Amino acid sequence: QLQLVESGGGLVQPGGSLRLSCAASGFTLDYYAIGWFRQAPGKEREGVSYISSSGGNTRYADSVKGRFTISRDNAMNTVYLQMSSLKPEDTAVYYCAAIRYFSSGSSWSDYRVYDYWGQGTQVTVSS
């Protein structure tokens, strides 16, 4: 069974840091690009960051540039999202998603193109 499992969420004060993990089971992540998405209550799911299968290409939403860093360890079959200088507006459920091939014209930040999803992990930034 193909599965993605996120972990590392929690409650953190503004300015704090968290590291999210996205672990795959039932398949190898080597051939998949990974996107991190988040969804706050009443809002649409938005793309946060992306990393290519090789790790050589990364993307970030403008709202997290300079604060979040995506990385992957294919030997561990895991992708990470290091989040620093967290703000209350970062509060959301964070999801990772995997995609094997992008079709022409599709964007990394479009959640509809991804093949597999995790169940999400809650991140709450509050004092």
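Definitions and cut-offs
All residue numbers refer to position in the chain's written sequence, counted from 1. Whole-chain, interface and lining totals are the exception, using all residues; otherwise, since this is a predicted model, local features are given only for residues with pLDDT of at least 70 and side-chain atom pairs are given and counted only at 80 or more. Only hydrogens and water are removed before side-chain values are computed, so all heavy atoms of the structure are retained for them. Salt bridges, as used here, are contacts in which a Lys or Arg side-chain nitrogen is within 4 Å of a carboxyl oxygen on Asp or Glu. Only protein chains enter the calculation, and the probe is 1.4 Å; a residue is then buried if its accessible area is under 20% of its type maximum, exposed if over 50%, and partly exposed in between. By nonpolar core is meant a set of buried Ala, Val, Leu, Ile, Met, Phe, Trp, Tyr and Cys residues that side-chain atoms within 4.5 Å join together. Secondary structure follows DSSP: runs of H or I at least 4 residues long count as helices, runs of E at least 2 residues long count as strands, and numbering of each begins at the N terminus. Note on definitions: a residue-residue contact is assigned when non-hydrogen atoms from the two residues lie within 4.5 Å. Counting of polar contacts relies on pairs of N or O atoms within 3.5 Å, with two restrictions inside protein: one atom must be capable of donating a hydrogen and the other of accepting it, and residues adjacent in sequence are counted only when both atoms are side-chain atoms. We treat two strands as partners when DSSP finds at least two bridges between them. In this description, a line fitted to the C-alpha atoms serves as the axis of each element, helices being fitted only across the stretch in contact, and the angle between N-to-C directions of two axes falls anywhere from 0 to 180 degrees.

## Thoughts on the pattern of salt bridges
Applying the stated criterion to the full structure yields 5 salt bridges. The salt bridge involving Lys65 is made with Asp62; its shortest N-O contact spans 3.2 Å. With respect to class, Lys65 is no different from Asp62; both count as exposed. With a shortest N-O distance of 2.9 Å, Asp110 and Arg112 are connected by a salt bridge. According to the relative accessible area criterion, Asp110 is buried, its value standing at 19%. Classification of Arg112 as exposed rests on a relative accessible area of 64%. It is possible to trace a salt-bridge network through shared partners that takes in Arg38, Glu46, Arg67 and Asp90.

## Here's the deal with the nonpolar core
Trp36, Phe68, Leu81, Met83 and Tyr94 are the most contacted members of the largest nonpolar core, which totals 29 residues. Counting residues per element, the ones that place at least two in this core are strand S3 (18–25), strand S4 (33–39), strand S5 (46–51), strand S7 (68–73), strand S8 (78–83), strand S9 (92–99) and strand S11 (121–125). The residues contacting Phe68, other than those within four sequence positions of it, are Arg38, Val48, Tyr60, Leu81, Gln82, Met83, Ser84, Leu86, Asp90 and Tyr94.

## Examining the side chain of Arg38
Within the fold, Arg38 resides in strand S4. Classification of Arg38 as buried rests on a relative accessible area of 6%. Engagement of the side chain of Arg38 in a polar contact is seen with the side chain of Ser63, the distance being 3.4 Å. Apart from the residues lying within four places of it in its own chain, the contact partners of Arg38 are Glu44, Arg45, Glu46, Val48, Ser63, Val64, Phe68, Glu89, Asp90, Ala92, Val93 and Tyr94.

## Examining the sheet that holds S8
Adjacent strands of a sheet pair through backbone hydrogen bonds, lying either parallel or antiparallel. Strand order in the open sheet formed by 4 strands is S1-S3-S8-S7, and the pairing between neighbours is antiparallel. Edge strands, defined here as strands with exactly one partner in the open sheet, are strand S1 (3–7) and S7. Taking each pair of neighbouring strands and ignoring which way they run, the sheet shows an average axis angle of 15 degrees. Relative to S3, S1 runs antiparallel, the two being bridged by 5 bridges. Looking across to S3, one finds that Glu6 is bridged to Cys22.

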